[in-house]
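# Inside the fold
Below, each chain spelled out in residue letters.
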Amino acid sequence: MKYMQRLGKALMLPVACLPICGLLMGLGYFLCPAAMQGGEMTGVAAHIGLFLVKAGGALIDHMALLFAIGVGVGLSEKNNGTGAVAALASWLMLTTLLSASTVEAILPASLLNENMLLAFSKIENPFIGILAGVIGSTCYNRFHNTRLPDWLSFFSGKRCVAIIAGLVSILVSAVLLFVWPVLFKGLISAGEWIASLGAFGAAIYAFLNRLLIPLGLHHALNNVFWFDTIGLGDLTHFWAGETSEDVSWSLGMYMSGFFPCMMFGIPGAALALVRSAKPEKRKKVIGIMISCAVCSFVCGVTEPFEFSFVFLAPVLYILYSLLYGIITFITVTIGFRAGFCFSGGITDLIFSSSLPAAQKTLLIIPLGIFTFAIFYFTFRLATLKWDFLLSGIEGDIDEESNEVSIEESNKASKKESDKENDNSDKYLKKAEGILKGLGGAGNVISVDSCITRLRLEVRDTSLIDEKVIKSAGTSGVIKTGKNSVQVVVGTAVQYVADELERLCEEIIEEVKAPAEGEVIPMEKIPDETFSTGVLGECYGIMPSEGIIYSPLEGTVSVVANTKHAVSFKDGNREVLVHVGIDTVKLGGEGFKVLVSEGDVVKQGQKVMEFDAELIKARGYNPMVVVVEIE
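What counts and how
- Here the residue index of a chain counts from 1 through its sequence in written order.
- Confidence filtering applies because this is a predicted model: local features only for residues at pLDDT of at least 70, side-chain atom pairs given and counted only at 80 or more, and all residues used for totals across whole chains, interfaces and linings.
- Neither water nor hydrogens contribute to the side-chain values; these are computed over all heavy atoms in the structure.
- In this text, helices come from DSSP runs of H or I with a minimum length of four residues, and strands from runs of E with a minimum of two, each type numbered from the N-terminal end.
- Residue burial is assigned from relative accessible area. The probe radius is 1.4 Å, only protein chains are included, and a residue is buried under 20% of its type maximum, exposed over 50%, and partly exposed in between.
- Pairs of residues are marked as contacts when any of their non-hydrogen atoms sit within 4.5 Å.
- Each accessible area is a Shrake-Rupley estimate made with a 1.4 Å probe; only the visible protein chains count as cover when residues are assessed.
- For two strands to pair, DSSP has to find at least two bridges joining them.
- A fitted line through C-alpha atoms serves as each axis, taken over the contacting stretch for helices, and the angle formed by two N-to-C directions is quoted from 0 to 180°.
- What goes into a patch is any residue over 30% in relative accessible area without a salt bridge, connected to like charges within 9 Å or, for nonpolar side chains (Val, Leu, Ile, Met, Phe, Trp, Tyr), within 5 Å.
- Any carboxyl oxygen of Asp or Glu that lies within 4 Å of a side-chain nitrogen of Lys or Arg is treated as forming a salt bridge with it.
- Two aromatic rings, drawn from Phe, Tyr or Trp (for Trp, its six-membered ring), form a pair once their centres lie within 6.5 Å of each other, and the interplanar angle then sorts them: stacked below 30 degrees, edge-to-face above 60, tilted otherwise.
- Here the expected span of a helix is defined as 1.5 Å times the quantity of residues minus one.
- Should an angle lie under 35 degrees it is considered roughly parallel, over 145 roughly antiparallel, and from 65 to 115 roughly perpendicular; all remaining angles are considered oblique.
- Whether a crossing is left-handed or right-handed is set by the direction in which the near helix is turned from the far one by less than a right angle, anticlockwise for left-handed and clockwise for right-handed.
- Classification convention: Asp, Glu, Lys, Arg as charged; Ala, Val, Leu, Ile, Met, Phe, Trp, Tyr, Cys, Pro as nonpolar; all other residues, Gly among them, as polar.
- Side-chain atoms within 4.5 Å link the members of a nonpolar core, which is a set of buried Ala, Val, Leu, Ile, Met, Phe, Trp, Tyr and Cys residues.
- Confidence scores here are pLDDT values: one per residue, from the predictor, ranging 0 to 100.

## A short note on the overall build of the chain
A count of helical and extended segments in the chain gives 26 helices and 14 strands. Burial statistics for the chain: of 630 residues in total, 52% are counted as buried. If you take every contact in the chain between residues at least 6 apart in sequence, the share linking residues at least 24 apart comes to 72%. Element-wise, carbon and sulfur atoms account for 60% of the exposed surface of the chain, whose accessible area totals about 27,900 Å².

In structure tokens:
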């Protein structure tokens, strides 16, 4: 599950290319509709239109390659570009070795058949792109620190990653020579079964798409229906200027149902929440809901609305997802067809309406009215039954914890989005609050973001304080796995993510944890000198072994006479590693320091051994404290 969530996050990078494709291709088809359907090129407008269509198609037609590079970057540690180079090497290797011409040349005629050649003729697909990205990023994460013998030192480290990815791809290609035809046949059968369900199949997809939003797994599902992996590719065929006659299903059926839901359904639900609010709270709820409704209507961004209630009323969220399925079934049945490159807002509706596959787009008006009513009455009845839903959105405050409400946090997010240039301090303060609630920089492994959420990996989720995070002005916290957590920030999430990442780098940049064990946040260290930050930013580690490693590459600046503490220096940076609480009283008993003051050390080098059991037997806490000396 955790890996799938990371993969979904990585796919956001190439998917972000789609809006510009829709803009260019929509304008292009509007200027030259006849020419794009085989007619003559007449006039300047037609030539400009063709130019724009080809510009947008340059990305749409090579989406699989974008997936390879995007996943290569997204799954690599710290999103390093070397992972993308390795992914590209893997993609080129896989698609060349598994091309129909290569397969036909190297396999005996007795093994070849029409279905096998068909499978390999479609090898340049998003599935193989994602596979190449996984190979590239995995090779980077595993081998980017590899040290080779001196005579091969030029190829050490990052330079060897692409080479290894290429070698791995050769082995994977050898396996896929026999596995891909079987897998391809299975995927084709699945696609045919889904397509055979018609409008009902589209409804099931729409329901699952919404249901998976909180887990971030909807991107993997979208890849099956929108891109040409199993013979569907609703989005790619739609924007390629094709019609239903060119494919085996009703083109656009896996996108069309989102338009009435996003443009009219969410505003209807938002109005229901406003009407159900207490009179004294109604102005606050209006502020939140107008922002959510406009965001969804214009550009199809629904997360601000969805995350305003998904944690407060999960049953209502399931009903909300069912409404998407119902409306999609109706939409597909009556023949409305539109497509999107980003999401189902009015922007994509306008630009897709000139494409050949677009059908009965004016039906969006009666469809919209009907959808508005269905969403309105469903949410109105639900909020009358579930009072706790409205109490959360209205912004009631828990005075005991002084927790900021969802309404206030959304309002803060909205203000920050409106004043981006003047509110850098607010983003920093929000990031500082979130970092504190996450258990400090020492507990943070990686920071990323999607449209409205921070996506984080941490060492220990038990150190997370949700009340502290919410008091920083966020809308919710989701623990999605053993080491994964998402924080709902709002549309200004990228600015907060940048500040949060910068804070983590400033605190522990290039500083490796000197011991293995459970990370303890600064305020929970049982020594006031450390917990109050008098010496500087710090964190604790409850050690699982009696070994201390150098946290950085530099020199040993101080070794305590009692051997319980060692300080390391690299330029202007100094890091103190203090073993145990009050262990100075042991006078060196149980400690063995392996370095001396002035010694040059490498990061990760063993510098001390200590006996944790002896320390505990003498009545002391063996916690290791790591301090960034100020």
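## Side note on the environment of Gly133
By the secondary structure assignment, Gly133 is in helix α9 (residues 126–143). With 65 residues separating them along the chain, Gly133 and Ala68 place their C-alpha atoms 4.3 Å apart. Not counting residues up to four positions away in its chain, the partners in contact with Gly133 are Ala68, Val71, Gly72 and Ala87.

## Side note on the environment of Leu463
Within the secondary structure, Leu463 is located in the loop between β2 (453–458) and α23 (466–471). Separated by 56 residues in sequence, Leu463 and Val519 have C-alpha atoms that sit 8.4 Å apart. If we ignore the near neighbours within four places in the chain, the residues touching Leu463 are Gly437, Leu438, Gly439, Asn443, Val519, Ile520 and Pro521.

## Remarks on the sheet that holds strand β11 (residues 591–593)
Read across the open sheet, the three strands follow the order β7-β13-β11; overall the sheet is antiparallel. The outermost strands of the open sheet, each flanked by one partner alone, are β7 (547–549) and β11. Each neighbouring strand pair of the sheet contributes to a mean axis angle of 20°, computed without reference to strand direction. Pairing geometry for β7 and strand β13 (residues 606–610), over three bridges, is antiparallel. Note on β13: the bridge partner recorded for Ile547 is Glu609.

## Re a nonpolar patch on the surface
Taken together, Leu111, Phe127, Val175, Phe178, Val179 and Leu183 make up a surface patch of nonpolar side chains, about 500 Å² in accessible area. Within the secondary structure, Val175 is located in helix α10 (residues 161–196). What makes Val175 partly exposed here is its relative accessible area of 49%.

## A short note on the pairing of β13
When β11 meets β13, the two strands line up antiparallel, connected through three bridges. If you follow Val593 over to β13, its bridge partner there is Met608.

## Things to note about the packing of aromatic side chains
Inspection of the entire model under this criterion finds 21 aromatic pairs. Aromatic pair Phe259 and Phe340: ring centres 5.8 Å apart, planes at 55°, arrangement tilted. With Phe259 in helix α14 (residues 258–276) and Phe340 in the loop between α17 (314–334) and α18 (346–352), this residue pair connects regions lying 81 residues apart in the sequence. We note that Phe259, like Phe340, is buried. A centroid spacing of 6.0 Å and a plane angle of 55° characterise the contact between Phe305 and Tyr320, whose relative ring orientation is tilted. In this pair, Phe305 is assigned in helix α16 (residues 303–306) and Tyr320 in helix α17, connecting sequence segments 15 residues apart. Given a relative accessible area of 1%, Phe305 falls into the buried group. By relative accessible area, Tyr320 is classed as buried at 0%.

## Some words on the sheet that holds strand β12 (residues 600–601)
Read across the open sheet, the seven strands follow the order β5-β6-β14-β10-β9-β8-β12; overall the sheet is antiparallel. Since the sheet does not close on itself, it has two edges, and those belong to β5 (517–520) and β12, each with one partner. Both strand β8 (residues 554–559) and strand β9 (residues 565–570) contribute to a ladder of four bridges, which runs antiparallel. Pairing of Val558 across the sheet is with Ser567, part of β9.

## Focus: the environment of Glu77
Summarising the element assignment, Glu77 is placed in the loop between α5 (63–74) and α6 (82–97). If sequence neighbours within four positions are ignored, Glu77 has contacts with Tyr140, Asn141 and His144.

## A short note on unusual backbone geometry
Trans peptide bonds make up most of the peptide bonds, and negative phi angles are found at most residues other than glycine. For Lys360, which is not glycine, the phi torsion reads 50° and is therefore positive. As for its placement among the helices and strands, Lys360 is situated in the loop between α18 and α19 (364–385). In this structure, Asp582 is a non-glycine residue whose phi angle is positive, near 65°. Mapped onto the elements, Asp582 comes out in the loop between β10 (573–581) and β11.

## Quick look at α19
Look at α19: 31 Å from first C-alpha to last across 22 residues, which is about the 32 Å you get at 1.5 Å a residue. Residues of α19 that are buried: Ile364, Leu367, Gly368, Thr371, Phe375, Tyr376, Phe379, Arg380, Ala382 and Thr383.

## Overview of the packing of α6 against α9
Look at α6 against α9: their axes get within 7 Å of each other, and the N-to-C directions meet at 135°. Comparing their axes, α9 and α6 come out oblique. Seen from above, α6 lies across α9 with right-handed handedness. Contacts from Thr82, Gly83, Ala86, Ala87, Ser90, Trp91, Leu94 and Thr95 in α6 reach Ile128, Gly129, Leu131, Ala132, Gly133, Ile135, Gly136, Ser137 and Tyr140 in α9. Its residues placed into classes, the contact of α6 with α9 shows nine nonpolar, eight polar and no charged.

## Notes on the nonpolar core
Tyr254, Phe305, Tyr320, Tyr324, Phe375 and Phe379 are the most contacted members of the largest nonpolar core, which totals 74 residues. If near-sequence neighbours (up to four positions away) are discounted, Tyr324 is found in contact with Ala206, Arg210, Phe258, Cys261, Met262, Ile266, Thr302, Glu306 and Phe375. Listed in part, the 26 residues of the second largest apolar core include Ala86, Ala132, Val161 and Leu176.

## As for the confidence of the model for the chain
Residues shown with low pLDDT carry predicted positions that ought not to be read at fine detail. Mean pLDDT over the chain: 81, with 84% of residues reaching 70 or higher. By mean pLDDT, helix α21 (residues 406–418) is the weakest element of the chain at 46, and β11 is the strongest at 95. Under a pLDDT of 50 for its full length, residues 395–422 has, in the predicted model, 50 contacts with residues more than four places off or in other chains.

## Describing α17
In this model, α17 (21 residues) spans 31 Å end to end at C-alpha, consistent with the 30 Å of a helix rising 1.5 Å per residue. Of all the positions in α17, only Leu316, Tyr317, Tyr320, Ser321, Leu323, Tyr324, Gly325, Ile327, Thr328, Thr331 and Val332 are classed as buried. At the C-terminal side of α17, Gly335 shows a positive phi close to 95°.

## Details of the pattern of salt bridges
Scanning the model with the defined rule gives four salt bridges in all. Glu613 is the partner of Lys616 in a salt bridge, and the nearest nitrogen-oxygen pair spans 3.3 Å. Within this pair, Lys616 and its partner Glu613 are both found in helix α26 (residues 612–617), separated by three residues, close to a single helical turn.

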